[in-house]
Amino acid sequence: MVTRTGLSVLAVAVVLAGCGSSTDGSTSSTLRLRATQTSFTPITAGTGALQPGDAFVTSSNIAGGGHENAYCVLAERAHTDLCIVTVFLPRGQLSAQGVFVNAPKLSGTIAVLSGTKAYDRAAGSLTTNGLIAHSESITINLS
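Reading guide: rules and limits
- Residues numbered from 1 in each chain as written.
- Predicted model: local features only at pLDDT ≥ 70, side-chain atom pairs only at ≥ 80, totals over all residues.
- Heavy atoms only, no water.
- Disulfide = S-S within 2.5 Å.
- Helix = DSSP H or I, 4+ residues; strand = E, 2+ residues; numbered from the N terminus.
- Buried < 20%, exposed > 50% of the residue type's maximum accessible area, 1.4 Å probe, protein only.
- pLDDT = per-residue confidence, 0-100.
- Contact = heavy atoms within 4.5 Å.
- Core = buried A, V, L, I, M, F, W, Y, C linked by side-chain atoms within 4.5 Å.
- Salt bridge = Lys/Arg side-chain N within 4 Å of Asp/Glu carboxyl O.
- Polar contact = N/O pair within 3.5 Å; in protein donor to acceptor, adjacent residues only side chain to side chain.

Attention shifts here to the state of the cysteines. Taken as a whole, this structure holds one disulfide when the rule is applied. Disulfide pairing places Cys72 opposite Cys83 at an S-S distance of 2.1 Å. Classification of the bridge connecting Cys72 and Cys83 rests on its S-S torsion, roughly 115°, and on that basis the disulfide is right-handed. Placement of the pair is Cys72 in strand β4 (residues 67-74) and Cys83 in strand β5 (residues 81-89), with a sequence separation of eleven residues. Take Cys72 and Cys83: they sit in the same class, and that class is buried.

Below, the discussion takes up the confidence of the model for the protein. Averaged over every residue, the pLDDT of the protein is 83; the share at 70 or more is 81%. In the model, residues 1-25 has pLDDT below 50 throughout and makes 65 contacts with residues more than four positions away in sequence or in other chains.

Moving on: the nonpolar core. Membership of the largest hydrophobic core comes to 29 residues, with the highest contact counts inside it found for Val87, Leu94, Leu106, Leu126 and Ile140. Among the elements of the structure, β2 (27-43), β3 (55-62), β4, β5, β6 (92-100), β7 (108-115) and β9 (135-142) are those that each provide at least two residues to this core. Other than its neighbours up to four places away in sequence, Val87 contacts Leu33, Ile62, His67, Glu68, Gly92, Gln93, Leu94, Leu126 and Ile140.

What follows deals with the pattern of salt bridges. In total, this model carries one salt bridge according to the counting rule given. Note that Asp120 and Arg121 form a salt bridge whose closest N and O atoms lie 3.6 Å from each other.

Of note, the amide linkage connecting Ala103 to Pro104 takes the cis form, showing an omega dihedral of 10°. By the element assignment, Pro104 lies in the loop between β6 and β7. At His79, a residue that is not glycine, the phi angle is positive and equals roughly 65°. Its place among the elements puts His79 in the loop between β4 and β5. Phi is positive for Leu106, which is not a glycine, with a value near 60°.

What follows covers the environment of Thr127. Looking at the element boundaries, Thr127 is found in strand β8 (residues 124-128). Between the C-alpha atom of Thr127 and that of Ser107, which follows or precedes it by 20 residues, the distance is 7.3 Å. Setting aside chain neighbours within four positions, we find Thr127 in contact with Gly108, Thr109, Ser137, Ile138 and Thr139. Within the structure, Thr127 has its side chain in polar contact with the side chain of Thr109 (distance 2.8 Å).

If you want it as C-alpha coordinates, here you go:
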(Lines give C-alpha, C1' and ligand atoms only; values in the text may rest on other atoms or scores of the structure.)
Protein backbone atom coordinates (compact mmCIF):
# COMPACT_ATOMS: atom_id res chain seq x y z
CA MET A 1 0.00 0.00 0.00
CA VAL A 2 1.43 3.38 -1.01
CA THR A 3 0.61 6.55 0.88
CA ARG A 4 1.33 10.07 -0.28
CA THR A 5 0.98 13.48 1.35
CA GLY A 6 1.01 17.05 0.14
CA LEU A 7 4.24 18.91 0.81
CA SER A 8 4.96 22.55 1.70
CA VAL A 9 6.77 25.20 -0.32
CA LEU A 10 10.43 26.11 0.33
CA ALA A 11 12.62 28.78 -1.30
CA VAL A 12 15.50 27.39 -3.36
CA ALA A 13 18.01 28.50 -6.03
CA VAL A 14 18.53 27.42 -9.62
CA VAL A 15 21.88 26.72 -11.21
CA LEU A 16 22.25 26.35 -14.96
CA ALA A 17 25.41 24.68 -16.24
CA GLY A 18 26.78 25.82 -19.58
CA CYS A 19 27.14 24.10 -22.90
CA GLY A 20 30.00 21.87 -23.93
CA SER A 21 30.95 19.70 -26.87
CA SER A 22 30.94 15.97 -27.00
CA THR A 23 33.62 13.94 -28.78
CA ASP A 24 31.44 13.59 -31.89
CA GLY A 25 31.24 17.37 -32.36
CA SER A 26 27.60 17.73 -31.30
CA THR A 27 26.56 20.26 -28.70
CA SER A 28 25.36 19.05 -25.31
CA SER A 29 24.19 20.89 -22.24
CA THR A 30 23.31 20.25 -18.64
CA LEU A 31 20.61 22.08 -16.68
CA ARG A 32 20.75 21.92 -12.89
CA LEU A 33 17.48 23.02 -11.32
CA ARG A 34 15.96 23.33 -7.84
CA ALA A 35 12.21 22.86 -7.55
CA THR A 36 9.82 23.34 -4.65
CA GLN A 37 6.57 21.39 -4.57
CA THR A 38 3.44 23.57 -4.57
CA SER A 39 0.71 20.94 -4.94
CA PHE A 40 -0.04 17.23 -4.84
CA THR A 41 -3.38 15.88 -6.10
CA PRO A 42 -4.24 12.18 -5.79
CA ILE A 43 -6.55 10.62 -8.40
CA THR A 44 -8.12 7.55 -6.82
CA ALA A 45 -10.94 5.13 -7.45
CA GLY A 46 -11.59 4.76 -3.74
CA THR A 47 -10.69 6.32 -0.44
CA GLY A 48 -7.53 6.09 1.59
CA ALA A 49 -4.07 5.22 0.31
CA LEU A 50 -3.25 5.13 -3.39
CA GLN A 51 -3.48 1.65 -4.93
CA PRO A 52 -2.19 0.22 -8.24
CA GLY A 53 -4.06 1.91 -11.08
CA ASP A 54 -4.48 5.14 -9.11
CA ALA A 55 -2.56 8.23 -10.17
CA PHE A 56 -1.47 11.62 -8.93
CA VAL A 57 -0.48 15.01 -10.27
CA THR A 58 2.21 17.11 -8.63
CA SER A 59 3.41 20.61 -9.42
CA SER A 60 6.57 22.43 -8.34
CA ASN A 61 7.96 25.92 -8.86
CA ILE A 62 11.48 26.10 -10.30
CA ALA A 63 13.67 28.72 -8.67
CA GLY A 64 14.67 31.42 -11.13
CA GLY A 65 11.52 30.96 -13.22
CA GLY A 66 9.39 28.16 -14.53
CA HIS A 67 7.67 25.12 -13.08
CA GLU A 68 7.50 21.35 -13.28
CA ASN A 69 4.38 19.18 -13.57
CA ALA A 70 4.31 15.41 -13.18
CA TYR A 71 1.56 12.86 -13.78
CA CYS A 72 2.27 9.41 -12.36
CA VAL A 73 0.34 6.12 -12.38
CA LEU A 74 0.99 3.41 -9.80
CA ALA A 75 1.78 0.03 -11.36
CA GLU A 76 0.87 -3.44 -10.07
CA ARG A 77 4.57 -4.12 -9.39
CA ALA A 78 5.49 -2.80 -5.94
CA HIS A 79 7.42 0.49 -5.76
CA THR A 80 7.02 1.16 -9.51
CA ASP A 81 5.37 4.29 -10.94
CA LEU A 82 5.14 5.41 -14.58
CA CYS A 83 5.61 9.19 -14.76
CA ILE A 84 5.32 11.87 -17.40
CA VAL A 85 7.25 15.00 -16.36
CA THR A 86 7.07 18.37 -18.08
CA VAL A 87 9.53 21.14 -17.20
CA PHE A 88 8.52 24.68 -18.22
CA LEU A 89 11.49 27.07 -18.38
CA PRO A 90 11.74 30.66 -19.65
CA ARG A 91 13.52 29.42 -22.83
CA GLY A 92 11.10 26.55 -23.60
CA GLN A 93 9.62 23.28 -22.38
CA LEU A 94 11.04 19.79 -21.93
CA SER A 95 9.06 16.57 -21.67
CA ALA A 96 10.32 13.34 -20.07
CA GLN A 97 8.76 9.95 -19.45
CA GLY A 98 9.77 6.77 -17.71
CA VAL A 99 9.44 4.41 -14.78
CA PHE A 100 10.73 5.13 -11.30
CA VAL A 101 11.36 1.91 -9.37
CA ASN A 102 11.67 3.32 -5.87
CA ALA A 103 8.17 4.67 -5.22
CA PRO A 104 7.01 6.53 -3.24
CA LYS A 105 10.25 8.59 -3.34
CA LEU A 106 10.22 8.69 -7.17
CA SER A 107 13.88 9.45 -7.75
CA GLY A 108 16.11 8.26 -10.55
CA THR A 109 16.60 8.89 -14.25
CA ILE A 110 14.05 8.91 -17.07
CA ALA A 111 14.29 9.81 -20.77
CA VAL A 112 13.83 13.35 -22.12
CA LEU A 113 11.73 12.80 -25.23
CA SER A 114 11.01 16.26 -26.64
CA GLY A 115 11.25 19.99 -26.22
CA THR A 116 10.11 23.34 -27.56
CA LYS A 117 11.74 26.69 -28.43
CA ALA A 118 15.40 26.61 -27.27
CA TYR A 119 14.99 22.88 -26.53
CA ASP A 120 13.47 21.96 -29.92
CA ARG A 121 14.22 18.30 -30.76
CA ALA A 122 15.66 17.75 -27.29
CA ALA A 123 16.78 14.28 -26.26
CA GLY A 124 18.64 13.13 -23.19
CA SER A 125 17.85 12.33 -19.59
CA LEU A 126 16.17 13.88 -16.54
CA THR A 127 17.49 12.85 -13.13
CA THR A 128 15.66 13.78 -9.94
CA ASN A 129 16.20 13.13 -6.25
CA GLY A 130 12.43 12.77 -5.80
CA LEU A 131 9.31 14.12 -7.52
CA ILE A 132 7.40 14.36 -4.25
CA ALA A 133 10.19 15.83 -2.13
CA HIS A 134 9.76 19.25 -0.45
CA SER A 135 12.81 20.45 -2.36
CA GLU A 136 13.74 18.58 -5.51
CA SER A 137 17.05 18.60 -7.35
CA ILE A 138 16.69 18.10 -11.12
CA THR A 139 19.52 17.52 -13.57
CA ILE A 140 18.68 17.51 -17.28
CA ASN A 141 21.40 16.26 -19.63
CA LEU A 142 20.70 17.10 -23.26
CA SER A 143 22.62 15.60 -26.15
